[in-house]
Each structure stands twice: as structure tokens, then as C-alpha cells.
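Chain by chain, the residues:
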Amino acid sequence: MASNVSAIKQRIRSIRSTQKITQAMKLVSLSKLQRYRKDMVEFEPYYQAVSDVTERFLPFEEAENDLPKMYIMFMPDLGLCSAYTQGMMREIAHVLQEGDRVLSFGTQGYEQMKRKGIPIVNEMVSSERMHLTDVISDIETYMDDYAIVAIVPEYESLDLSFNYYRLKTKVGEAKDDVIYDPSFEETSNMLLRQSLNSLVRHSFLVSKVSEHTTRRIAMEKATDSAQEMIDSLQLQYNKARQEAITQEISEIVSGMEVL
């Protein structure tokens, strides 16, 4: 009986130790989530303004719908957010067609997607340590031959969904009712660069918010589950300890009766 009490007590200590880790990781994810969410909210008006101006003043061609797609993905560097990572891998495997390519930034899932034949064209890079200017430069080399599409995980209510943001790049003739200064070509090139810049930054920030939201939820559930296990084991411990005490009292009483 004593060994059973000791085993339960050891089990409780082990779970409490794990709970401290999950609680700490939850707080780290929450801190990063708040930082990325702040940046996302501050950047949103700029992203919307660039999108509106580009749509208003540039005459895009419908022919770009026939181009193969270059999908942009921002993946985590750490685990413990499988809903995000596995969901992104399922999504890209589902939408890929012949001729499409992928730029994946982040270490999680990179090797697994490679093994499954996903046509990733860039080297593995950390999504937390990379420079977005380098990402933008990488994408620019594909803009003439591919339709640029960002896959962005976003939380809608409590559900994680995967939305698509397409960058229009094929510009037609200048609009007759718009004056382009200094020229139509320079203005359109400037607006396209700004559109790419804003799309990449918007996609990155929203993806990071979703990543850390997913990890925070996972760590919160793990912490709560650990507490439930501790409460259950504590009841078992109290019961076993009470039985041990009762047995000891019975043995003492039996010994006194013999005397």
C-alpha cells in the first residue's frame, strides 16, 4: 500500500513539472501573439490602401489566370501547433496542379513536403529569422512567369481556415482617364512593387498571428489536461493514503488486543 501511495505522489510531481513547462510555453506564445497582432493591426490600413489604389489605377489583364501559380507559404519553426502545420501541408497538396511551384518559408514541414514531391523551389529558411526583403526579392524573380498566390491561415471565430491572396501582375494598356506621372511604366512598376511588399508583409503577419494562436490554444489545453490528471491522481492519493492509515490503525488495534 505504501508503495502505491509513493507511486501516485511521484506521478503527481511529474505531471506538475510538465504542467509548468506547458504553462511557460503558453505565456511565451501569448507574448509573441500580442506582438505580431499589434504589428498586423497597425499594418492593415496600409495593406488595404495599397490594394485599393492598385486596383483603381492599374488595368490588369485577365490572361494571367492562365499562368501557373507560385504559392507562398509561411510555416512555423517550432512544433506544438500541428493544426497549423498539418493543415497547411494538406492545403498545398490539395490545390497544386501541374506546373505550379511553392516558396515555403519556415522549417516545420519543409523536409516532409519535399519527400512527398511538393515542388518547393527555395532552400529551407527560418521564418522567425529571415528578412522579408529577401523574401520579396525571391518572389520578384518569378513574377513574370507565375501568378503569385499566398496561402494564409486565419482564425474565423474558433476555426482555422486557409485563405488565398492573389497578386495581380499582368498590366495592360494605360487607362485613358488617369494621368500617370512621371510615366505609366514607372508608375505601374512602383505600384506592383508596393503591392508585392504589402501582400508579403500582410501574409507573414497574419500567418504568425495564426501560428501563435494555435500554439497558445494547444498549450492551454495541455495545461488544463495536466490539471485534470493531477486532480484525479490527488483523489487516488488521498484514498490510498486513507486506506494505508486505516490499515495501520487496524494493525495497531489488533496488536493491542493480542497483548
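This write-up is about the structure you can find in this document. Residue positions are given per chain, counting from 1 as you read along its sequence in written order. Totals for whole chains, interfaces and linings use every residue, but because this is a predicted model, local features are given only for residues with pLDDT of at least 70 and side-chain atom pairs only at 80 or more, for both listing and counting. Where side-chain values are given, they derive from all heavy atoms of the structure, hydrogens and water being excluded.

## Observations concerning the pairing of strand 3 (residues 147–156)
We apply this condition: Each residue gets one of three labels from its accessible area relative to the maximum for its type: buried under 20%, exposed over 50%, partly exposed in between, using a 1.4 Å probe on protein chains only. Helix and strand definitions here come from DSSP, where helices need a minimum of 4 consecutive H or I residues and strands a minimum of 2 consecutive E residues; each element is numbered from the N-terminal end. Here, any two strands with at least 2 DSSP bridges between them count as paired.
Taking burial as the measure, the 10 residues of strand 3 include 8 buried ones, the bulk of the element. Here strand 3 runs beside strand 4 (residues 159–167); their pairing, made up of 9 bridges, is antiparallel. Considered in strand 4, the bridge of Tyr155 is made with Leu160.

## Quick word on the nonpolar core
Keep this limit in mind: Residues belong to one nonpolar core when they are buried, are Ala, Val, Leu, Ile, Met, Phe, Trp, Tyr or Cys, and are joined through side-chain atoms within 4.5 Å.
With 27 residues, the main nonpolar core has Ile72, Phe74, Val135, Ile139, Ile148 and Val200 as its most contacted residues. Listing elements by their share of this core, those giving two or more residues are helix 1 (2–57), strand 1 (69–74), strand 2 (101–105), helix 4 (132–140), strand 3 and helix 5 (184–258). The dominant element in this core, judged by the number of residues it contributes, is helix 5, at 7 residues. Ranked by size, the runner-up nonpolar core spans 18 residues in total, among them Tyr110, Met113, Ile151 and Phe162.

## Describing helix 2 (residues 82–95)
Heads up, the rule is: By this rule the span expected of a helix is its residue count minus one, scaled by 1.5 Å.
Helix length check: helix 2 (14 residues) gives 20 Å between terminal C-alpha atoms against 20 Å at 1.5 Å per residue, within 8%. Inspection of helix 2 places Tyr84, Thr85, Gly87, Met88, Met89, Glu91, Ile92 and Val95 among the buried residues, and these make up the whole buried set.

## Looking at unusual backbone geometry
In this structure, the amide linkage connecting Asp181 to the following residue, Pro182, adopts the cis form with an omega of 10°. Relative to the assigned elements, Pro182 resides in the loop between strand 4 and helix 5. The backbone phi angle of Leu80 is positive, close to 65°, even though this residue is not glycine. Tracing the sequence through the fold places Leu80 in the loop between strand 1 and helix 2.

## A short note on helix 4
Spelled out, the test is: Note that the arc is computed from the directions linking the helix axis to the C-beta atoms.
Regarding helix 4, the residues found buried are Leu132, Val135, Ile136 and Ile139. Buried residues along helix 4 cover an arc of 100° about the axis, so they all sit on one side.

## Observations regarding the pattern of salt bridges
Using the following cut-off: Counted as salt bridges are all cases of a side-chain nitrogen of Lys or Arg within 4 Å of a carboxyl oxygen of Asp or Glu.
By the definition in use, this model includes 6 salt bridges. Glu128 is the salt-bridge partner of Lys208, the closest N and O atoms lying 3.2 Å from each other. Separated by 80 residues along the polypeptide, Lys208 in helix 5 and Glu128 in the loop between helix 3 (110–115) and helix 4 bring together distant segments of the chain. You can call Lys208 buried: its relative accessible area is 1%. Arg216 is the partner of Glu220 in a salt bridge, and the nearest nitrogen-oxygen pair spans 2.8 Å. Taken together, the residues Glu220 and Arg216, both in helix 5 and 4 residues apart, mark about one turn of the helix. Beyond isolated ion pairs, a larger network of salt bridges with shared partners links Glu128, Lys208, Glu211 and Arg215.

Function-wise, these values are silent; they only describe arrangement.
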